[in-house]
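Okay, here's what each chain looks like letter by letter:
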There are 4 protein chains.
Amino acid sequence: MKERVFIANLALPKAGLVKLTWGNVSEIDRDLGVIVIKPSGVPYSKMKAEDMVVTDLDGKLLEEGMKASSDLSTHVILYKAFKDIGSVVHTHSKYAVMWAQAGRGLPAYGTTHADTFYGSVPCTRQLTAEEVNRAYEIETGHVIVETFQEQKLDPLAVPGVLVYGHGPFTWGANPQKAVENSIVLDEIAEMALQTEGINSKIKPIPQYLLDKHYFRKHGKNAYYGQ
Amino acid sequence: MKERVFIANLALPKAGLVKLTWGNVSEIDRDLGVIVIKPSGVPYSKMKAEDMVVTDLDGKLLEEGMKASSDLSTHVILYKAFKDIGSVVHTHSKYAVMWAQAGRGLPAYGTTHADTFYGSVPCTRQLTAEEVNRAYEIETGHVIVETFQEQKLDPLAVPGVLVYGHGPFTWGANPQKAVENSIVLDEIAEMALQTEGINSKIKPIPQYLLDKHYFRKHGKNAYYGQ
Amino acid sequence: MKERVFIANLALPKAGLVKLTWGNVSEIDRDLGVIVIKPSGVPYSKMKAEDMVVTDLDGKLLEEGMKASSDLSTHVILYKAFKDIGSVVHTHSKYAVMWAQAGRGLPAYGTTHADTFYGSVPCTRQLTAEEVNRAYEIETGHVIVETFQEQKLDPLAVPGVLVYGHGPFTWGANPQKAVENSIVLDEIAEMALQTEGINSKIKPIPQYLLDKHYFRKHGKNAYYGQ
Amino acid sequence: MKERVFIANLALPKAGLVKLTWGNVSEIDRDLGVIVIKPSGVPYSKMKAEDMVVTDLDGKLLEEGMKASSDLSTHVILYKAFKDIGSVVHTHSKYAVMWAQAGRGLPAYGTTHADTFYGSVPCTRQLTAEEVNRAYEIETGHVIVETFQEQKLDPLAVPGVLVYGHGPFTWGANPQKAVENSIVLDEIAEMALQTEGINSKIKPIPQYLLDKHYFRKHGKNAYYGQ
C-alpha cells in the first residue's frame, strides 16, 4: 500500500501537475482502518516508499517517522463523508488553480470533460476568517463536503472539486484513478479557459451529450474499454 | 498493416496529442476488405502491434481478441463516404478541442494552415438528442459527411474536421499522413487562437495566397519536397 | 561555494527559466567578505564550477579570470540593503517578464502565491533616462530598494520583485532557496495572468488566508515540512 | 560549411521552433560565391550533412543531388540586399507566426527584446495577387527588403522580420547567431502577446532603455560577455 501511494505521488510531477514539494496523494483501507499519505515537504527526488506516513481513520499517526502532509486533515474529512472513495489527490496544477483562484466552477464544455466528470466541477465558497483560523485544513474538507451536499452532487460522478483561492482536490477508487482524475481536471481546465476565449458566448454541452459520454465509460451500460 | 497502425497510434502521445487512452488511428485496405484500428481503452504503454483490431468494411470483427475503439463506427462511415482516404485519426488534442468546444470552424489565418488545409477547417453542427441516443458514433460520422456535403468541401483538400463539443478527426492517404494532419491541425488551432488575441479584426488570408501555398505542396504542379 | 553557485545557475535552464545565456545566480558570504557570481555571457553547457567569479562585497574582482555577470552591481546593491539575504537570482523567465513588461505588480490571487510571497510581488517604477545613462545596473538595484522602502515591504517576506520593463529578481537565504523563489514566481505569474482571464473582477485573497498559508510555512509557528 | 548548416538546421526542432519539415537555415560564403541550404521537405530525423544543397549566389544548383528548400529564392534576395549578413533562418515558430498572421509588428516591450532587436520587429505589408502569382518566393524577399528600406531599418540592428500572413525570417553573422535570433524572436513574441493581455495600455520601453540594453551587447562599447 505504501508502494502504491509512493508511486502515485511520483506520478504527479511526472505528469507535470506539481512543482517542488506541492501536492499529495493518500489511500484509505477502510477494512484495515488505515490511511497512507505522503510526508510533508519532502522533495520527490529524495522520497522513498517507506517514508509514506500511516495513520488511523482519524489521521492519528500509527508509526514513528515522518510528519504527514499538512493537508492530511482535509483528506480525512473527505474519506469520512465520501464513503466509497479509496484515494484522494491534492495538487496545485496550474490550470485547475487558475479556475480555483478565479472562483468559478468548471463548465462542461465538451466530451473530454464528460468522459470523466458528470457535469461541471464545482468551486467551493470562500472560507471565512473564523474557519481559516480555527482549523484550516479541517474546514477545507468541510467546505468541499458542504458544496457537494448543497449542489446535490454525487462524489463518484464528479470526482473532483476546486477550493476557492486554493486549488483542486480529486479522488477515485484507487490512487491510480485519483491521479488520472487530476490529469483530466487540469487538461479540461485549460481547454475550458481557451474555449471561452474563442467564443465568449459558448454554453455547456447539452445534458443528452453529457449523459452519452459519461455513461459510455461509467455504470452498468458502459461499453468503453476491454 | 497492424504494425503500421500500431506505430501511428504510438505517434499520437509522442507528439503530445493524446493523454491517457484518448485517441485512435485506423487504416483501411479496400482491396483486402479490412479495417485495422486501435483497441478500446488500452494504455499506450502496454499496447502491442498484435492488439490492433481487424474488422471488415462494415466494422464487424474478423478476429477473436480485443474490442475495437468505441469510435470505430465513425471511422467506418468516413471510409464509406470519403472513397479516397486510407486512414482516419481521432484525438482530443487540446487546441483543436478548444475550437470544437467553442463551436467554430478554424479560419485560414496563414500559410502554415494553407500548406495542409485548403480553406477553413469546418466545425459540424451539434448533434440532436435523437441522434446521440440512437446511434452516437454512427451519427458523428454522418454529421461530418453532411458538413462536407453542405459546404461542398473536398475531403482530400480539407483533411480534417472539428466535431461540435467533441474534438477533431483527421484523415489522409495513410496513417503517417493522417497523423501529420492531426499535428498540423492542433498547431494551427493554437496559432489561430492567439492570432485573434493579437488582432481581433484579422481576416483570413486572401484566396490567392491560399492557392499558392496549398498548390505548392499538393497536386500536379507541386514543387515542394524531393 | 563556487560549486553551489554553479549548481544553482544550472538549475535555471533545467527549470525552464532561462534560455541562451540569460539569467544569473550569486551567493554572498558576509563573514568571508566575498560574493560569487556567474560569469557574463557564457553558455550554460560550457560553464564550469571554476568559472564562477569571486568579488569582494563591493563587487571588485578578487581573482584573475572571467568577467562577472553584467548584473553584478544590482546584486551588490541588494546585498547591501537587504542584510539577511544570502543569494540573489535574476532571470528573464517568461511569465514574470510579462508582468514586468506590463508594469504591474503581481496580486496574491491564491495560496500558491501565499505559500512563498507574503502579499503582492511589487513592480518598480520605470528608471529615468538620467538613471539609465548614469549607472544602469546600480540604479536597477536602487529602484528595487526604493520600492521595498516606499511600500514598507520586508524583503524576507516578499523575496522577489519585478523590474519595470525588464524582469524578475528573487533572493533567499541560499542559492537553492533563491532559485526556488524564481520557480514559484514564474508559476504564480502564469496562474495570475489566466486567473484574470477567467474572471476579470477577481480580487486578491483575503488577508486571513494569506496569513494562514504564509505562516504555515514560515516563522516560529510553521508546521509545514519535517 | 555543410556541417555547420546541417547542425543549425537540427537546432530548430531541438529548440521547439519547427515541426515536421517546416523551417530552413542557409549560410552564404561571399568570397567562395556559394550558398548552402537545407533540402526541401526532408524529415529532420533522416537528413544528413551531405544532403545540404550548394548553390551559387543566384541560387543556381552547383551540385547534383537534392532540391533546395522552396524558400531558397527568398534567402537569395536577402543576401543580395543585406550585404553584411552570413546566414538566414526561416521557421513557422508559433508565437512569431501569430504576430505575422495578425499582421502586426512586434513592439519592444522590454529589455529581453532590446538585447537582440534594436526597436520593433516589423511586419511586411501583404503581397498582392500579382506578386504571389508571378514569383512568390522572390517577392517575399522583395517585400522584406522594401519594409526595411521604407522604415529605414538597419538589418544588422533588427535581425528579423515578420512576413504578413506567413511567419518569421531572421538572419545573423553566421548560422548559430541567426538561429539564436529565431529563438529570441519567438520568446519575445510570446512575452509581448501576454504583456498586452496583462495591460492593454502598455507602451514600448523608452528609447533610452532600448539604447542601453542594445548597446550593452552590441557595438564598440559593448560590455556584456567575455
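Residues numbered from 1 in each chain as written. Chains lettered and ligands numbered in written order. Predicted model: local features only at pLDDT ≥ 70, side-chain atom pairs only at ≥ 80, totals over all residues. Heavy atoms only, no water.

Trainee: Please explain the overall build of chain A as it appears in this structure.
Mentor: Helix and strand counts for chain A come out as seven helices and six strands. Over its C-alpha trace chain A gives a radius of gyration of 17 Å, about what one expects of a compact globule, namely 17 Å for 226 residues. Expressed along its principal axes, the backbone C-alpha trace of chain A runs to roughly 55 × 45 × 35 Å. Considering chain A as a whole, with its 226 residues, one finds that 62% of them fall into the buried category. (Helix = DSSP H or I, 4+ residues; strand = E, 2+ residues; numbered from the N terminus. Rg over C-alpha atoms; globule rule 2.2 N^0.38 Å. Buried < 20%, exposed > 50% of the residue type's maximum accessible area, 1.4 Å probe, protein only.)

Trainee: Is there a simple way to think about the relation of the copies chain B and chain D in this case?
Mentor: A rotation about some axis, followed by a shift along it, carries one copy of the chain onto the other. In screw terms, the move from chain B to chain D is a rotation of 90° and a rise of 0.0 Å along the axis, fitting with an RMSD of 0.0 Å. Expressed as a symmetry operation, the mapping of one chain copy onto the other fits a four-fold axis. The rotation axis passes nearest to the C-alpha of Gly197 of chain B in chain B, at a distance of 6.0 Å. (Least-squares fit on C-alpha atoms with pLDDT ≥ 70 in both.)

Trainee: How do you make sense of the packing of aromatic side chains when you look at a structure like this?
Mentor: Aromatic ring pairs are defined here through the distance separating the ring centres and the angle between the ring planes. Applying the stated criterion to the full structure yields 24 aromatic pairs over all chains. For the pair Phe148 of chain B and Trp171 of chain B, a centre-to-centre distance of 5.4 Å together with 65° between the ring planes defines the contact as edge-to-face. With a gap of 23 residues between them, Phe148 of chain B in helix 5 (residues 129-150) and Trp171 of chain B in strand 6 (residues 167-172) connect regions that are remote in the sequence. With respect to class, Phe148 of chain B is no different from Trp171 of chain B; both count as buried. Following the ring pairs from residue to residue traces out a cluster consisting of Phe82, Phe148 and Trp171 of chain A. Sitting over the face of the ring of Tyr224 of chain A, Lys217 of chain A holds its NZ or CZ atom 4.2 Å from the ring centroid. (Phe/Tyr/Trp six-rings, centres within 6.5 Å; stacked < 30°, edge-to-face > 60°. Lys NZ or Arg CZ within 6 Å of the ring centre and 35° of its normal.)

Trainee: What am I meant to see in the interface of chain B and chain A here?
Mentor: How big an interface is tends to be expressed through the accessible area that disappears when the partners come together. The interface of chain B with chain A comprises 34 residues on the first partner and 29 residues on the second. Inspection of the region where chain B meets chain A yields four salt bridges. Note that Glu187 of chain A is salt-bridged to Lys19 of chain B, the shortest N-O span being 3.1 Å. Our count for the contact surface shared by chain B and chain A stands at 18 residue pairs in polar contact (both at pLDDT 80 or more). Elements with a contribution of two residues or more to the side of chain B that touches chain A: helix 3 (94-102), helix 5 and helix 6 (175-198) of chain B. Counting residues per element, the side of chain B that touches chain A draws most heavily on helix 3 of chain B, which supplies seven residues. Considered class by class, the residues forming the side of chain B that touches chain A number 16 nonpolar, twelve polar and six charged. (Contact = heavy atoms within 4.5 Å. Salt bridge = Lys/Arg side-chain N within 4 Å of Asp/Glu carboxyl O. Polar contact = N/O pair within 3.5 Å; in protein donor to acceptor, adjacent residues only side chain to side chain. Nonpolar A, V, L, I, M, F, W, Y, C, P; charged D, E, K, R; others polar.)

Trainee: I'm lost on the sheet that holds strand 4 (residues 87-90) of chain D in this one. Help?
Mentor: Remark on secondary structure: sheet strands pair via backbone hydrogen bonds, oriented parallel or antiparallel. Residue and element names in this part refer to chain D. An order of 3-2-1-4-6-5 is seen for the six strands of this open sheet, with the pairing classed as antiparallel. Of all the strands in the sheet, just strand 3 (53-55) and strand 5 (160-163) have a single pairing partner and so form its edges. Going from strand to strand, the sheet's axes swing by 20° on average, the running direction of each strand aside. As judged from the four bridges shared by strand 1 (residues 24-29) and strand 2 (residues 34-37), these two strands associate in the antiparallel manner. Of the residues in strand 2, the one forming a bridge with Asp29 is Val34. Those strands touched by helix 1 (residues 2-14) are strand 1, strand 2, strand 3 and strand 4, and its axis lies near 155° from that of strand 1. (Pairing = 2+ DSSP bridges. Axes fitted to C-alpha atoms, helices over the stretch in contact; angles between N-to-C directions.)

Trainee: Even after reading the chapter, I still don't get the interface of chain B and chain D, so can you show me in this structure?
Mentor: With 29 residues of chain B in contact, the opposing surface of chain D contributes 34 residues. Together chain B and chain D conceal approximately 2900 Å² of surface at their shared face, both sides included; 55% is due to carbon and sulfur atoms. When residues of chain B are sorted by the area they lose upon contact with chain D, Ile198, Tyr208 and Gln226 of chain B head the list and together hold 25% of the total. Here chain B and chain D share 18 residue pairs in polar contact (both at pLDDT 80 or more) between them. If you tally residues by element for the side of chain B that touches chain D, the top one is helix 6 of chain B, at ten residues. Its residues assigned to classes, the side of chain B that touches chain D comprises 13 nonpolar, nine polar and seven charged. (Buried area = accessible area lost by both parts, 1.4 Å probe.)

Trainee: Before we go on, may I ask you to explain the pattern of salt bridges in this structure?
Mentor: As a working rule, side chains carrying opposite charge can pair if their charged atoms are close by. Considering all chains together, one arrives at 52 salt bridges over all chains under this definition. Note that Arg216 of chain B is salt-bridged to Glu137 of chain D, the shortest N-O span being 2.6 Å. Of this pair, Arg216 of chain B sits in helix 7 (residues 207-217) while Glu137 of chain D sits in helix 5 (residues 129-150), placing the two residues on different chains. Assessed through its relative accessible area of 9%, Glu137 of chain D is described here as buried. For Lys177 of chain C, the salt bridge identified is with Glu180 of chain C, shortest N-O distance 3.2 Å. Pair noted here: Lys177 of chain C and Glu180 of chain C are both in helix 6 (residues 175-198), with a separation of three residues, about one helical turn. When its relative accessible area of 38% is taken as the criterion, Lys177 of chain C is described as partly exposed. Residue classification places Glu180 of chain C among the partly exposed positions, given a relative accessible area of 21%. Among the ionic contacts, a cluster of salt bridges with common partners joins Asp71 and Glu137 of chain A together with Arg216 of chain C.

Trainee: What exactly am I supposed to notice about unusual backbone geometry here?
Mentor: A negative phi angle is the norm for most residues apart from glycine, just as the trans form is the norm for most peptide bonds. Positive phi values are uncommon outside glycine, yet Leu20 of chain A reaches one of about 50°. Here Leu20 of chain A lies in the loop between helix 1 (2-14) and strand 1 (24-29). Judged by its relative accessible area of 29%, Leu20 of chain A falls in the partly exposed class. Residue Lys152 of chain D is not a glycine yet carries a positive backbone phi of 50°. Within the element layout of this structure, Lys152 of chain D appears in the loop between helix 5 and strand 5.

Trainee: Whenever I open this one, the pairing of strand 6 of chain B confuses me. Can you help?
Mentor: Residues and elements named next belong to chain B. The element strand 6 is extensively covered by neighbouring structure, given that six of its six residues are classed as buried. With four bridges joining them, strand 4 (residues 87-90) and strand 6 adopt antiparallel strand pairing. Within the sheet, the bridge partner assigned to Ser87 lies in strand 6 and is Gly172. With four bridges joining them, strand 5 (residues 160-163) and strand 6 adopt antiparallel strand pairing. The partner of Val163 across the bridge, within strand 6, is Gly167. Between strand 5 and strand 6, which pair antiparallel in sequence order, lie three residues; one of them, Gly165, sits at a positive phi of approximately 75°.

Trainee: For this particular structure, what's the right way to read the relation of the copies chain B and chain A?
Mentor: Structural alignment of chain B on chain A gives an RMSD of 0.0 Å, achieved by rotating through 90° and translating 0.0 Å along the axis. Mapped onto chain A, only 3% of the interface residues of chain B again fall at the interface, so the copies present different surfaces.

Trainee: What exactly am I supposed to notice about the UniProt feature "domain: Class II aldolase/adducin N-terminal" (unreviewed entry) in chain A here?
Mentor: Within the UniProt annotation, "domain: Class II aldolase/adducin N-terminal" (unreviewed entry) is assigned to residues 3-193 of chain A. The span residues 3-193 of chain A is 40% helix and 14% strand, and its two end C-alpha atoms sit 36 Å from each other. (UniProt positions renumbered as here; feature names shortened; annotations may be inferred.)

Trainee: Looking at this structure, I do not really get the layout of surface pockets. What am I missing?
Mentor: Sizing a probe to match a water molecule and rolling it over the atoms shows the empty space that remains. Of the pockets and cavities examined, the second largest pocket occupies roughly 1500 Å³. Gln176, Lys177, Glu180 and Ile183 of chain A together with Leu20 of chain B are the residues nearest the centre of the second largest pocket, which is lined by 43 residues in total. Mapped onto the lining of the second largest pocket, the elements with two or more residues apiece are helix 1, strand 6 (167-172), helix 6 (175-198) and helix 7 (207-217) of chain A. Here the lining of the second largest pocket gets eight residues from one element, more than from any other, and that element is helix 6 of chain A. Residue composition of the lining of the second largest pocket, grouped by class: 22 nonpolar, twelve polar and nine charged. (1 Å grid on protein atoms, 1.4 Å probe; cavity = no way out; pocket = protein on both sides within 12 Å on 5 of 7 lines; lining within 4 Å. Points joined across faces, edges and corners; volume = space filled by probe spheres on them.)

Trainee: What should I look at first to understand the side chain of Ser87 of chain A in this one?
Mentor: Assignment of secondary structure puts Ser87 of chain A in strand 4 (residues 87-90). A polar side-chain atom of Ser87 of chain A sits 2.7 Å from the main-chain carbonyl oxygen of Ser26 of chain A.

Trainee: For this particular structure, what's the right way to read helix 7 of chain B?
Mentor: Those residues of helix 7 of chain B that fall on the buried side of the exposure criterion are Tyr208, Leu209, Leu210, Lys212, His213, Tyr214 and Arg216 of chain B. Check the buried side of helix 7 of chain B and you find it contacts helix 4 (111-114) of chain B together with helix 5 of chain D. Just downstream of helix 7 of chain B lies Gly219 of chain B, where phi reads positive at about 90°.

Trainee: Sorry, what's going on with helix 3 of chain B here?
Mentor: A large share of helix 3 of chain B lies buried, amounting to eight of its nine residues. Those residues of helix 3 of chain B not exposed but buried are Tyr95, Ala96, Val97, Met98, Trp99, Ala100, Gln101 and Ala102 of chain B. Its buried side turned inward, helix 3 of chain B meets helix 4 (111-114) and helix 6 of chain A together with strand 5, strand 6 and helix 6 of chain B. Immediately beyond the C-terminal end of helix 3 of chain B, within one or two residues, lies Gly103 of chain B, with a positive phi of roughly 70°.

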